[in-house]
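Close look at the chain arrangement
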Amino acid sequence: MTDARRTRITIEGIVQGVGFRPFVFRLAEHHGIAGWVRNTTAGVVVEAEGDARRLASFMADLTGKAPPLAVIVSLATEEIPPQGGTAFAIRYSEGSAGPVRVAPDGDVCPDCLHELFDPADRRHRYPFITCTNCGPRYSLITAVPYDRPNTTMAPFPLCDACRTEYEDPRNRRFHAQPVACPECGPRLRLVDADDRDLPGDPVEEAAGLLSQGKIVAVKGIGGYHLAADALNDGAVRELRRRKARDEKPFALMAPDLAAVRTFAIPDAVEERLLAAPEHPIVLLRKRPGNPVSPLAAPANGYFGTMLPYAPLHHLLLRDRFTALVMTSGNLSDEPIAYRDAEARERLADIADAFLVHDREIHTRTDDSVIRVFRGNPLFLRRSRGYVPREVRLPLEIPTVLAVGAELKGTICLARGDRAVMSQHIGDLKNAATLDSLAETTAHLQGLLGITPELVAHDLHPDYLSTAFAEGMGGIRRMAIQHHHAHLASCMAENGLDGEVVGVIFDGTGYGTDGTVWGGEFLVGGYWGFRRAGHLRQVPLPGGDAAVREPIRMALSYLHDAFGAEFFDLSLPWLADVVESDRPLFLRMLERRINSPLTSSCGRLFDAVAALMGVRAEVSFEGQAAMELEALAEGSDTASLYPYALVRKNGSAEIDFRLMVRALAEDVAAGRPGEEMARAFHNTLAAAVTDLCAQIRTVEGLDRVVLSGGVFQNKLLAEGIVQALTDRGFHAYTHRLVPPNDGGLALGQAIIAGYAARKGV
């Protein structure tokens, strides 16, 4: 080769355990490239030699045709002297400094799916079929490097046929660590709660039980699901009763997109998300007259829907069910069960049978949940399929561990300009979720090789995550204000630096003044913040009881708007407040007895829902707001309620007393609920935009970040973004991490890291 050139290519990202080296090998053979490829702990290094045309084609395909589970974060090239030769080789791995990256769990690829249902294939109907392009990764890895002995496949020695595939670089199962077959791999069983085998083929018998309206616990990739026929009212009702889950929507799993379209109305973006390798749960608008039991997602306009992502799911669903309920295998407020004995014990009173296998799950990983917002995915829960992918930070920071807050628990490990968020852990309200937090922290630190210099936690002194951080002896701790962390989280994932306006709306956050914040307008950045405005504060009658009973918030807002005479209003639901309780509520509100002040936007939604008669009590967080949003989607009115912007002590306040009075009049007059709900959303969007405009006049800032759990509300978020854009603002929302507390640890990490970098 007279015009031969040689290039060293260094690739970082998720490029190990995803078939990247055999992909490079086959690509080099195709283009006539000589050289070699090998793994390092930093990624993959390639030396490629050929003429300029061949090298250019090779380089284009290297990034353009990468394996489906690969994620290239960076690619650097260096021209080196040619060495001659015509062969290309896969070399043994060598050590090198750099961040370790582990692939997330993936679905079953089309090639494996074809083999699964091919009677002539030796893996026909084998529930653990996989290759380098698909299957479990994060949930089964126990240590790095990612080799079979460091996974839960270690107890399953390869048979001769599988070893031949495993060692052949031209085979798509080359170095696929979970590879197995019926001769050498994991086995499926159908058992009762005492681990006694039930007769018959496990899949056929489990499907038969589901068809009879029974409930089956199914061991998946990252934990157990509780499955029931979604079209069977009796089965869904019984699952709710046994699981103690009164009204929270259940997730559905359908065999394919054609089945999904029979009960939901997915758009093109939603269908792409459903079919992507991550296979998240996607919120889809319900199809009118759909066949799914109304008990699956009561008082809700959406179904949380996913497609099968494990071979076992395909075997259960294909040609049998339009949809199965596939809800997390747990009791309310507990983490998802993932160990077999633990699952049989915890789910014994729920499941009629257990579809299990002997491939251990090392790391529990719940399903991810997404809704589409302005044509882009918006995470409500970031977990299986996306963890542990990195988030690129806009600046470099020291090694930091952030442990989140209380709800939607996650942790974040950050080093340099990269941050890794953990999978969803759950609400940190009991010992089980605290143990899960500790397990997740230890596992991720080990995988990533990160020993934190600093641990960040919420300002609230009573959160279990705060106690966990305090228990990490010998590491410096930093308490981060809740809403400041939300602001920084949205800034970080959007690559922002400097100062912004942060509109942070959620249910609860510990404020620097000792009150309960949640309707905040902050000005600041990673360095700190100042409170530029907030929603008018009202009492939270009964403290946490007001979170469970929105009717208490309605009483608080009515008292604030009308005074002690509000019980005389002509509101139908007021008659349900027992006469003897009325003086008690008045004393609580007037004297602030067990009634801390709150600016919470989440509690404002609760108040409006209760005031309209939508929801007096809730059985899960955000229920009243979800139902209010669903109601508002039934109207296209552009009407607004009145409100006032008030300056107090150097900051601004949105005063909704005028709105509450007008809303009470509309309720008494019988205005349609859809119109009132939509007008409330319109009013909140208008008020936010007006206050941002006031802040811009004072601060000169036109960048606004929107964060906090309230921004899971698609209707409100779209209204605010559009209104801000129309007024010349640059509005930024979440895409990579959830707006709720599931994204909070990212903000904590970059705030703490920034302070440490500055020597604070």
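Residues numbered from 1 in each chain as written. Predicted model: local features only at pLDDT ≥ 70, side-chain atom pairs only at ≥ 80, totals over all residues. Heavy atoms only, no water.

**Focus on the pattern of salt bridges**
A full pass over the atoms with the stated rule returns 55 salt bridges. Residue Arg125 pairs with Glu204 through a salt bridge whose shortest N-O separation is 3.4 Å. With Arg125 in the loop between α3 (110-116) and α4 (160-166) and Glu204 in helix α5 (residues 202-211), this residue pair connects regions lying 79 residues apart in the sequence. Judged by relative accessible area, which is 32%, Arg125 ranks as partly exposed. Across the salt bridge formed by Glu439 and Arg339, the nearest N and O atoms sit 3.9 Å from each other. Taken together, the residues Glu439 in helix α11 (residues 431-448) and Arg339 in the loop between β12 (324-328) and α10 (340-346) connect sequence positions 100 residues apart. We classify Glu439 as partly exposed; its relative accessible area is 34%. (Salt bridge = Lys/Arg side-chain N within 4 Å of Asp/Glu carboxyl O. Helix = DSSP H or I, 4+ residues; strand = E, 2+ residues; numbered from the N terminus. Buried < 20%, exposed > 50% of the residue type's maximum accessible area, 1.4 Å probe, protein only.)

**Remarks on unusual backbone geometry**
Put simply, Val387 and Pro388 share a cis peptide bond, and its omega is 10 degrees. Residue position: Pro388 is located in the loop between β15 (376-381) and β16 (390-402). Of note, the phi angle at Lys408 is positive, near 55 degrees, even though the residue is not glycine. Its location among the elements puts Lys408 in the loop between β16 and β17 (412-421). The residue Asn594 is not glycine, and still its phi comes out positive at about 50 degrees. Residue placement: Asn594 occurs in the loop between α16 (582-591) and β24 (597-598).

**Digging into the pairing of strand β21 (residues 516-525)**
In regular strands, side chains alternate between the two faces of the sheet. Of all 10 residues making up β21, 10 are buried, and the element is well covered by its neighbours. Across 8 bridges, strand β20 (residues 500-510) lies against β21 in antiparallel orientation. The partner of Val500 across the bridge, within β21, is Gly524. Two successive antiparallel strands, β20 and β21, enclose a turn made up of 5 residues, where Gly514 displays a positive phi of approximately 85 degrees. As paired elements, β21 and strand β22 (residues 528-535) share 6 bridges and run antiparallel to each other. Following the sheet pairing, Phe521 is matched in β22 by Gly533. Connecting the antiparallel pair β21 and β22 is a turn made up of 2 residues. (Pairing = 2+ DSSP bridges.)

**Quick notes on the environment of Leu448**
Positionally, Leu448 belongs in helix α11. By relative accessible area, which is 6% here, Leu448 ends up buried. Sequence-wise, Leu448 and Arg359 are 89 residues apart; in three dimensions their C-alpha atoms are separated by 24 Å.

**A short note on the packing of aromatic side chains**
Counted according to the given criterion, the structure contains 12 aromatic pairs. Seen in terms of ring centroids, Tyr126 and Phe128 are 5.4 Å apart; in terms of plane orientation they differ by 70 degrees. Their pairing is edge-to-face. With a relative accessible area of 4%, Phe128 lands in the buried category. Aromatic pair Phe263 and Phe303: ring centres 5.7 Å apart, planes at 80 degrees, arrangement edge-to-face. On the criterion of sequence distance, the pair formed by Phe263 in helix α7 (residues 257-263) and Phe303 in strand β11 (residues 302-306) is long-range, its members being 40 residues apart. Among the residues examined, Phe303 registers a relative accessible area of 2% and is labelled buried. By the ring-pair criterion, three or more aromatic residues cluster together here, those being Phe505, Phe521 and Phe711. We note Arg371 situated over the ring of Tyr302; from NZ or CZ to the ring centre the distance is 4.9 Å. If you follow Arg696 out to its NZ or CZ, it ends over the ring of Phe729, 3.8 Å from the centre. (Phe/Tyr/Trp six-rings, centres within 6.5 Å; stacked < 30°, edge-to-face > 60°. Lys NZ or Arg CZ within 6 Å of the ring centre and 35° of its normal.)

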